[in-house]
Amino acid sequence: MHPEEERTVWQGRFITAKTKGKWEFVSRARGIKAAVILAIDAEDHVILVEQFRVPLDRPCLELPAGLIGDEDGKAGEDATAAAIRELEEETGYRAERMEVVGEFYSSPGMVSESFTLLKAHGLTRIGPGG
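Because the structure is predicted, anything quoted here is derived from the model rather than measured.

The rules we used
- Residues numbered from 1 in each chain as written.
- Predicted model: local features only at pLDDT ≥ 70, side-chain atom pairs only at ≥ 80, totals over all residues.
- Heavy atoms only, no water.
- Pairing = 2+ DSSP bridges.
- Helix = DSSP H or I, 4+ residues; strand = E, 2+ residues; numbered from the N terminus.
- Axes fitted to C-alpha atoms, helices over the stretch in contact; angles between N-to-C directions.
- Patch = residues over 30% accessible without salt bridge, like charges linked within 9 Å, V, L, I, M, F, W, Y side chains within 5 Å.
- Areas by Shrake-Rupley, 256 points an atom, 1.4 Å probe, with all protein chains shown as cover.
- Salt bridge = Lys/Arg side-chain N within 4 Å of Asp/Glu carboxyl O.
- Contact = heavy atoms within 4.5 Å.
- Buried < 20%, exposed > 50% of the residue type's maximum accessible area, 1.4 Å probe, protein only.

**Regarding the sheet that holds strand 1 (residues 6-11)**
Reasoning step 1: If you trace the three strands from one edge of the open sheet to the other, you get 1-2-3, paired in antiparallel fashion. Both edges of this open sheet fall to strand 1 and strand 3 (23-28), since each of them pairs with a single strand only. On average, adjacent strands in this sheet sit at an angle of 30° to one another, irrespective of strand direction.
Reasoning step 2: Sheet topology places strand 2 (residues 15-20) next to strand 3; six bridges connect them, and they run antiparallel.

Now the structure itself:
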């Protein structure tokens with residue numbers, strides 16, 4: 001355990017830089033979490049999205065994902081509802097059902113953010129995505 005006090009060094013709209021003892025790390029502002037979706041179509045293709053990411057200064061292939069409860073009127077949104085919404089927005093696929101796989105941390109030595117991984121079942125293409 002680290003008995004040192006956690007201190008906020010800087011806070012923006014979406015992230016907070018913190019220190020705790022000798023550790024430096026970032027977290028999501030306002031406790032916002034993310035939903036990440038594993039969507040596999042009928043031909044066993046994993047559905048990915050390509051998005052430009054400023055920290056890397058290049059496009060990246062990623063699993064569809066989005067923040068939970070970050071939009072107006074979405075306070076209290078659960079991971080499943082966010083995953084359904086984000087999958088449709090980003091890929092144009094609608095899932096009949098979302099299965100929660102678990103809660104994970106992508107880089108726990110540097111980022112305190114967790115994400116809920118969900119598996120999409122029963123995919124139907126309803127639009128182009130974006």
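**What about the pairing of strand 5 (residues 49-53)?**
Reasoning step 1: Sheet analysis places strand 5 next to strand 6 (residues 58-62), joined by five bridges and oriented antiparallel. Paired with E50 across the bridge in strand 6 is L61.
Reasoning step 2: Here strand 5 folds back onto strand 6, and the loop between the two strands holds four residues, one of which, D57, carries a positive phi near 55°.

**With respect to a nonpolar patch on the surface**
Reasoning step 1: Where nonpolar side chains cluster on the molecular surface, the patch consists of V9, W10, F14 and I15 and spans about 390 Å² of accessible area.
Reasoning step 2: Along the chain, I15 falls in strand 2.

**Considering the sheet that holds strand 8 (residues 93-105)**
Reasoning step 1: Taking strand neighbours across the sheet as the criterion, the four strands line up as 7-4-9-8 in an open arrangement whose pairing is mixed. Looking at the sheet topology across the chains shown, the edges are occupied by strand 7 (65-67) and strand 8. If you compare each strand with its neighbour and ignore which way they point, the axes differ by 25° on average.
Reasoning step 2: One ladder, built from three bridges, connects strand 4 (residues 34-39) with strand 7; its direction is antiparallel. Opposite A34, over in strand 7, you have L67 as the bridge partner.
Reasoning step 3: Running at roughly 120° to strand 8, helix 1 (residues 79-91) makes contact with strand 4, strand 7, strand 8 and strand 9 (114-125) of the sheet.

**Focus on the environment of V46**
Reasoning step 1: Residue position: V46 is located in the loop between strand 4 and strand 5.
Reasoning step 2: According to the relative accessible area criterion, V46 is partly exposed, its value standing at 41%.
Reasoning step 3: C-alpha separation for the pair V46 and R125, spaced 79 residues apart in sequence, amounts to 14 Å.
Reasoning step 4: Sequence-distant contacts of V46, defined by excluding residues within four places in its chain, comprise L38, A39, I40 and L63.

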